[in-house]
Amino acid sequence: MKKLYLILSSFLLFIFIFSSSKAQTFYGYAVVVDADTIKIGNYKIRLFGIDAPEKKQFCEKPYLNLIIFSFNERYPCGKVSTDALKEFVKEKIISCEIEEKKDFYKRYLGTCFKNKENINSWLVKNGYAVAYKKYSKKYLLDEQYAKKNKLGLWKGTFVRPEKWRRISK
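About the cut-offs
Residues numbered from 1 in each chain as written. Predicted model: local features only at pLDDT ≥ 70, side-chain atom pairs only at ≥ 80, totals over all residues. Heavy atoms only, no water. Helix = DSSP H or I, 4+ residues; strand = E, 2+ residues; numbered from the N terminus. Buried < 20%, exposed > 50% of the residue type's maximum accessible area, 1.4 Å probe, protein only. Contact = heavy atoms within 4.5 Å. Pairing = 2+ DSSP bridges. Expected span 1.5 Å × (residues − 1). Arc of directions from axis to C-beta.

A.B. asks: How do you make sense of unusual backbone geometry when you look at a structure like this?
C.D. replies: Comment: phi is negative for the bulk of residues other than glycine, and the bulk of peptide bonds are trans. Located in the positive-phi region is Lys106, a residue other than glycine, with phi close to 70°. Along the polypeptide, Lys106 turns up in the loop between β7 (93-102) and β8 (108-114). Take Lys106: its relative accessible area is 63%, and that puts it in the exposed class. Residue Lys150 is not a glycine yet carries a positive backbone phi of 50°. Assignment of secondary structure puts Lys150 in the loop between α4 (140-148) and α5 (161-167). In this structure Lys150 comes out as exposed when scored by relative accessible area, which is 54%.

Structure representation (structure tokens):
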């Protein structure tokens, strides 16, 4: 009888733990902070698994190709990525599924959606962000797609945002 009670109580505890650790979801209009961070109400959300160029980051892309010569121009890729996200979420209700832990800056980590479209994935697949391999492998195929099709950042050359932050300090 004791054994049955122990098994039953362990099972109920297991069910309680897993049902109570249900992920939070935030809904609302998004205010874009930068290309990988948004705010919904008072909640600041870092888009999980991706990394986007910083606001002050510049990249290069070709603007003129002449037979054997290629000329590049510097452009504010951080601003371009941020503006693309602003346009993408403009006047739409956004939902974000929040991870259990926060990042170093106390931001919620989340995967966000416009209707049913994964915003994190959209940013990487269109070349406005890269897969943040240090934390997740989820968006590697999206990054490969953008790279293969020379979309966004992949049209030219850039320093990965994580490295750019280290060297620009």
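Text resumes after the structure shown.
A.B. asks: Would you mind showing me how to read the side chain of Thr37 here?
C.D. replies: With respect to the helices, strands and loops of the structure, Thr37 is situated in strand β2 (residues 37-40). When residues no more than four places from it in sequence are discounted, the contact partners of Thr37 are Val32, Lys44, Ile45, Arg46 and Arg107.

A.B. asks: I tried to follow the pairing of strand β3 (residues 43-47) on my own but got confused; where do I start?
C.D. replies: Across a regular strand the side chains alternate sides, sitting on one face of the sheet and then on the other. With four bridges joining them, β2 and β3 adopt antiparallel strand pairing. Across the sheet, Ile40 pairs through a bridge with Tyr43, a residue of β3. Connecting β2 to the next strand, β3, in antiparallel fashion are two residues, including Gly41 with a positive phi near 60°. Sheet topology places β3 next to β8; three bridges connect them, and they run parallel.

A.B. asks: I tried to follow helix α2 (residues 77-89) on my own but got confused; where do I start?
C.D. replies: A rise of 1.5 Å per residue sets the reference length of α2, with its 13 residues, at 18 Å; its end C-alpha atoms lie 19 Å apart and thus fit the reference within 8%. Within the sequence span of α2, burial applies to Cys77, Gly78, Ser81, Thr82, Ala84, Leu85, Phe88 and Val89. Along α2, the residues classed as buried sweep out an arc of 155° about the axis, all on the same side. Downstream of α2 by a residue or two, Glu91 has a phi angle that is positive, lying close to 55°.

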